[in-house]
Amino acid sequence: MKLTAASSSGLVSIDAQILFRVCLHRNYPQLSSYLLTATFMLPCMWDSSRAHPPTAQENTDEQGSNFKAAPTAACKGKGFTKPRYPYIKKASSFSSVPGEAYDYIIVGGGTAGCPLAATLSHKFKVLLLERGGSPYGNRNISRLQNFHISLADTSPSSPSQAFISTDGVINARARVLGGGTCINAGFYTRASPSYVNAASWDGQLVNESYPWVEKRIVYWPNVAPWQAALRDGLLEAGVSPFNGYTFDHIYGTKVGGTIFDRRGFRHTAADLLAAGNPNNLRVLLRASVQKIVFDTQGRRPKAVAVQFKDENGRQHQAVLEEGAGGGDVILSAGAIGSPQLLLLSGIGPKHDLEKLRIPVVLHNQHVGKGMSDNPMNSIFIPTKKPVRQSLIQTVGITKMGTFIEASSGFSQSSDSIQCHHGILSAEIGQLSAIPPAQRSLEAAQKYARNKQNLPREAFRGGFILEKIDGPLSTGELSLLNTDVDCSPAVTFNYFSHPYDLKRCVHGIRTIEKIVRTKHIAKLSGADEYPMEVLLNLSVKANLNLVPKHTNDTASIQQFCRDTVITIWHYHGGCHVGKVVDHDYRVMGVAGLRVIDGSTFVNSPGTNPQATVMMMGRYMGVKILRERLGRAAAV
């Protein structure tokens, strides 16, 4: 059953099906009789080019795109010809031939796993196991204007898997070849030099690895009017200087890169597989890895194989090549998947494993600990006229440790009005103003009826967002059961550290300055809306299950707590020095590494995808050079 509804501040969508899935109930059992509501109303279209960055004046497009997809096709995600890569197969095609083995088995064909597999395949036999499907042929992944629809798909084959943190914030995990690069907002920006130094990475190899990614899938955006207004408003509000078009992480205001090309087509980490050696590379889709298999007869446990099930539920086992100097099983399943698989495989806190009757391979109390998510809050700003749809293009990097970004075109397309949008969003209208005990089917139906009476003008506007860099608030991840398809319980403890809350207040105050600049006022008529009114609109437009307070608009601190949402930059659970060493080998066992964002203490740059892809390439080259020396030829 699906219902669509609306409040006075935005469109609402309700998906009753997903709420009856066990995985979500275990996190939020009281929701079994209620309806979660949300939508992602940020379809957009921008032009971009690999050419040298144009001037800000030349690059502002006031017209927008004339492209419109048929609503039905857009909702179903159909309409593209699939590129044919012979090395990409369904998991059911796997046959365990006696003696067949791989030099490297990579679990997770995501943001790090794809460039890692492509690089290693130049010299070694690589098996890449992805639990999701292909991004090719799905217009809701590939078309920028359908971004919100893809993210909200709650079907079993969706590229996005919903989970709710115990904090009450609705979140998403990628479940598709290409990982988060298939469902994110596309913004591309590098980590700062200080971040690279803190990670103990080789600066020269880092500077070789970023361009390897960029020349294949990164473009410059054609800045939309809302993004141009933010750029000029940031500068007027004192977030300066303007650093132009750059991938670099620099204090001030800048325009970053994008993985959408000038036609509005998304390019993902999956495209990086084309740089590999097809004779050495095998990619299996819908391959859900159940656990890592260890040989425990030696001095320390050694990873020797992985068990996985295919799309039909049949079990398989893929094994590593034996012998001295052999390869590894490499987890690149992300900040949720990698610690989850370590726990399911018997590596983690002994007491927790024993409670679920998981045989203990190695006690490590740090697995699943130190989980962080960069908290985000947003202000909705109504506009005089429809604004061109846009995602993140401009960013303000403050010295206080907050980032200011923007999006626009909230629910203005015919697709947005007609399609179901599911439960996932960073910016949505929903029933959050209703206390949890009153979130009933009847309330949802009332919203659905009211939606039909709302004018299209109710959906005009844009958001200005602030998010915290390097939150000091941390939480943990723990298993609910031994089902790998069920997301574990995750707690992020948003704003539990007072300095995080202080930075949020600073970010909201900065947005208040930007809203009052002539650049935003020209589009919005913001002088007609006191800040208290904008905050009140935004309380209803930010989705989470955190109970609201009557003083949200009077207390910025309370506004931050009550309207916190995610921008999907969560990380941690397998920290360097606690779970893995500086070569990303899991400490205490042999033949096992973790290479992805679960190893990060802080999220790199303003948006992490650039550095996670770089990390995959970087570690692939590093491993080749360590094993082969000059013969690696990379």
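Residues numbered from 1 in each chain as written. Predicted model: local features only at pLDDT ≥ 70, side-chain atom pairs only at ≥ 80, totals over all residues. Heavy atoms only, no water.

Colleague: Can you walk me through the sheet that holds strand 26 (residues 475–478) in this structure?
Modeller: The strands making up a sheet are joined through hydrogen bonds of the backbone, oriented either antiparallel or parallel. The sheet built from 3 strands is open, its strands ordered 21-26-27 with antiparallel pairing. For this open sheet the edge positions go to strand 21 (369–371) and strand 27 (489–491), each flanked by a neighbour on one side alone. Recorded for the sheet is a direction-independent mean angle of 35° between the axes of neighbouring strands. As paired strands, strand 26 and strand 27 are joined by 3 bridges and run antiparallel to one another. Looking across to strand 27, one finds that Leu 477 is bridged to Val 490. Strand contacts of helix 10 (residues 334–344): strand 21, strand 26 and strand 27, with the helix running at about 55° to strand 26, the strand carrying the most contacts. (Pairing = 2+ DSSP bridges. Helix = DSSP H or I, 4+ residues; strand = E, 2+ residues; numbered from the N terminus. Axes fitted to C-alpha atoms, helices over the stretch in contact; angles between N-to-C directions. Contact = heavy atoms within 4.5 Å.)

Colleague: How do you make sense of the UniProt feature "binding site: FAD" (unreviewed entry) in the protein when you look at a structure like this?
Modeller: Residues annotated by UniProt as "binding site: FAD" (unreviewed entry) correspond here to Glu 130, Arg 131, Val 176, Val 289, Trp 568, His 569, Gly 597, Pro 608 and Gln 609. Within the secondary structure layout, Val 289 lies in strand 15 (residues 288–295). Once residues within four sequence positions are removed from consideration, Val 289 is found in contact with Val 107, Leu 129, Val 306, Gln 307, Phe 308, Leu 341 and Val 484. Among the structural elements, Pro 608 can be located in the loop between strand 29 (592–594) and helix 18 (609–628). What Pro 608 contacts, discounting residues up to four positions off in sequence, is His 569 and Ser 603. (UniProt positions renumbered as here; feature names shortened; annotations may be inferred.)

Colleague: Honestly, the environment of Lys 578 in this entry has me stumped. Any pointers?
Modeller: Along the polypeptide, Lys 578 turns up in the loop between strand 28 (565–566) and strand 29. In the structure, Lys 578 is positioned 214 residues away from Asn 364 in sequence and 8.3 Å away in space, judged by C-alpha atoms.

Colleague: When you look at the state of the cysteines in this model, what are you seeing that I'm missing?
Modeller: Joining two cysteines, a disulfide is a covalent bond between their sulfur atoms. If you walk through the whole model with that rule in mind, you get 1 disulfide. The cysteine Cys 114 is free of any disulfide, with Cys 182 supplying the nearest cysteine sulfur at 7.9 Å. (Disulfide = S-S within 2.5 Å.)

Colleague: Teacher, can you tell me more about the sheet that holds strand 22 (residues 375–381) here?
Modeller: Strand order in the open sheet formed by 7 strands is 11-12-23-24-25-22-28, with mixed pairing between adjacent strands. Lying at the two open borders of the sheet, with one neighbouring strand each, are strand 11 (242–245) and strand 28. Against the sheet, helix 14 (residues 498–515) makes contact with strand 22, strand 24 (402–408) and strand 25 (462–468), and its axis sits at roughly 150° relative to strand 25, the strand it touches most.

Colleague: Can you help me understand the pairing of strand 24 in this one?
Modeller: Looking along a regular strand, one sees side chains alternate from face to face of the sheet. For strand 24, the tally of buried residues reaches 7 of 7 residues, placing the bulk of the element in the interior. Relative to strand 24, strand 23 (residues 394–397) runs antiparallel, the two being bridged by 2 bridges. Residue pairing in the sheet places Ile 397 in a bridge with Phe 403 of strand 24. Linking strand 23 back to strand 24 in an antiparallel pair, the connection comprises 4 residues, with Gly 401 at a positive phi of about 95°. Here 7 bridges tie strand 24 to strand 25, and the two strands are oriented antiparallel to one another. Note on strand 25: the bridge partner recorded for Ile 404 is Glu 466. (Buried < 20%, exposed > 50% of the residue type's maximum accessible area, 1.4 Å probe, protein only.)

Colleague: What should I look at first to understand the pattern of salt bridges in this one?
Modeller: Pairing of side chains with opposite charge becomes possible as their charged atoms draw close. Per the stated rule, a full pass over the model turns up 15 salt bridges. Close ionic contact of Asp 485 with Lys 309 constitutes a salt bridge, the shortest N to O distance being 2.9 Å. With Asp 485 in the loop between strand 26 and strand 27 and Lys 309 in strand 16 (residues 302–309), this pair connects stretches of sequence that are 176 residues apart. For Lys 309, a relative accessible area of 22% translates into the label partly exposed. Because the salt bridges share partners, they merge into one network encompassing Asp 328, Arg 585 and Arg 593. (Salt bridge = Lys/Arg side-chain N within 4 Å of Asp/Glu carboxyl O.)

Colleague: Help me understand the UniProt feature "domain: Glucose-methanol-choline oxidoreductase N-terminal" (unreviewed entry) in the protein in this model?
Modeller: As recorded in UniProt, the sites labelled "domain: Glucose-methanol-choline oxidoreductase N-terminal" (unreviewed entry) are residues 174–197 and 334–348. The annotated region residues 174–197 carries 21% helix and 12% strand content, and the separation between its end C-alpha atoms amounts to 29 Å. Between the C-alpha atoms that bound residues 334–348 the distance is 17 Å, and the span itself is 73% helix and 13% strand.

Colleague: What am I meant to see in unusual backbone geometry here?
Modeller: Glycine aside, the phi torsion of most residues is negative, and most peptide linkages are trans. For the bond running from Ser 240 to Pro 241, omega is 5°, close enough to zero to count as cis. Position of Pro 241 relative to the elements: it lies in the loop between helix 9 (225–236) and strand 11. Phi at Ser 200 is positive, roughly 60°, even though this residue is not glycine. One non-glycine residue, Trp 568, lies in positive phi territory at about 70°.

Colleague: I would appreciate a short explanation of the nonpolar core in the present structure.
Modeller: Most often, soluble globular proteins have nonpolar side chains that are buried together. Ranked by internal contacts, the top residues of the largest apolar core, which has 131 residues, are Trp 201, Leu 342, Ile 464 and Leu 592. If you tally residues by element for this core, the top one is helix 18, at 10 residues. Contact partners of Leu 342, with chain neighbours within four places excluded, come to Leu 331, Ile 347, Val 367, Cys 574, Val 579, Val 586, Leu 592 and Val 594. (Core = buried A, V, L, I, M, F, W, Y, C linked by side-chain atoms within 4.5 Å.)

Colleague: Even after reading the chapter, I still don't get the packing of helix 4 (residues 113–120) against helix 18, so can you show me in this structure?
Modeller: The relative placement of two packed helices is expressed as an angle between their axes plus a distance between the axes. Interaxial distance between helix 4 and helix 18 falls to 7 Å at its minimum, and their mutual angle equals 25°. The orientation of helix 4 relative to helix 18 falls into the category roughly parallel. Both helix 4 and helix 18 take part in a crossing whose hand is right-handed. From helix 4, Pro 115, Leu 116, Thr 119 and Leu 120 reach across to helix 18, where they touch Met 613, Gly 616, Arg 617, Met 619, Gly 620, Val 621, Ile 623 and Leu 624. Tallied by class, the residues present in the contact of helix 4 with helix 18 amount to 8 nonpolar, 3 polar and 1 charged. (Parallel < 35°, antiparallel > 145°, perpendicular 65-115°, else oblique. Left-handed = near helix turned anticlockwise from the far one by under 90°. Nonpolar A, V, L, I, M, F, W, Y, C, P; charged D, E, K, R; others polar.)

Colleague: Can you walk me through the packing of aromatic side chains in this structure?
Modeller: Any aromatic ring pair is given by two values, namely how distant the centres are and how the planes are angled relative to each other. This structure, assessed with the given rule, holds 14 aromatic pairs. Centroid distance Phe 492 to Tyr 494: 5.6 Å. Interplanar angle 55°. Geometry classified as tilted. Summarising the burial analysis for this pair, Phe 492 and Tyr 494 share the class buried. A connected cluster of aromatic rings, assembled from ring pairs, spans Phe 163, Phe 492, Tyr 494 and Tyr 570. Note that Lys 125 overlies the ring of Tyr 102, its terminal NZ or CZ placed 5.0 Å from the centroid. (Phe/Tyr/Trp six-rings, centres within 6.5 Å; stacked < 30°, edge-to-face > 60°. Lys NZ or Arg CZ within 6 Å of the ring centre and 35° of its normal.)

Colleague: Help me out: how do you make sense of the environment of Leu 230 in this one?
Modeller: Inspection of the secondary structure assignment puts Leu 230 in helix 9. Expressed as a C-alpha distance, the spacing of Leu 230 and Ile 511, which sit 281 residues apart in the sequence, is 9.6 Å. Those residues in contact with Leu 230 that sit more than four places away from it in its chain are Thr 394, Ile 404, Glu 405, Ala 406, Ile 464, Ile 514 and Ile 520.

Colleague: It is not clear to me how the pairing of strand 17 (residues 315–319) should be interpreted in this structure. Could you clarify?
Modeller: Going residue by residue along strand 17, you find His 316 and Ala 318 tucked away on one face and Gln 315, Gln 317 and Val 319 left uncovered on the opposite face. With 5 bridges connecting them, strand 16 and strand 17 associate as antiparallel partners. Directly across from Lys 309, in strand 17, lies its bridge partner Gln 315.

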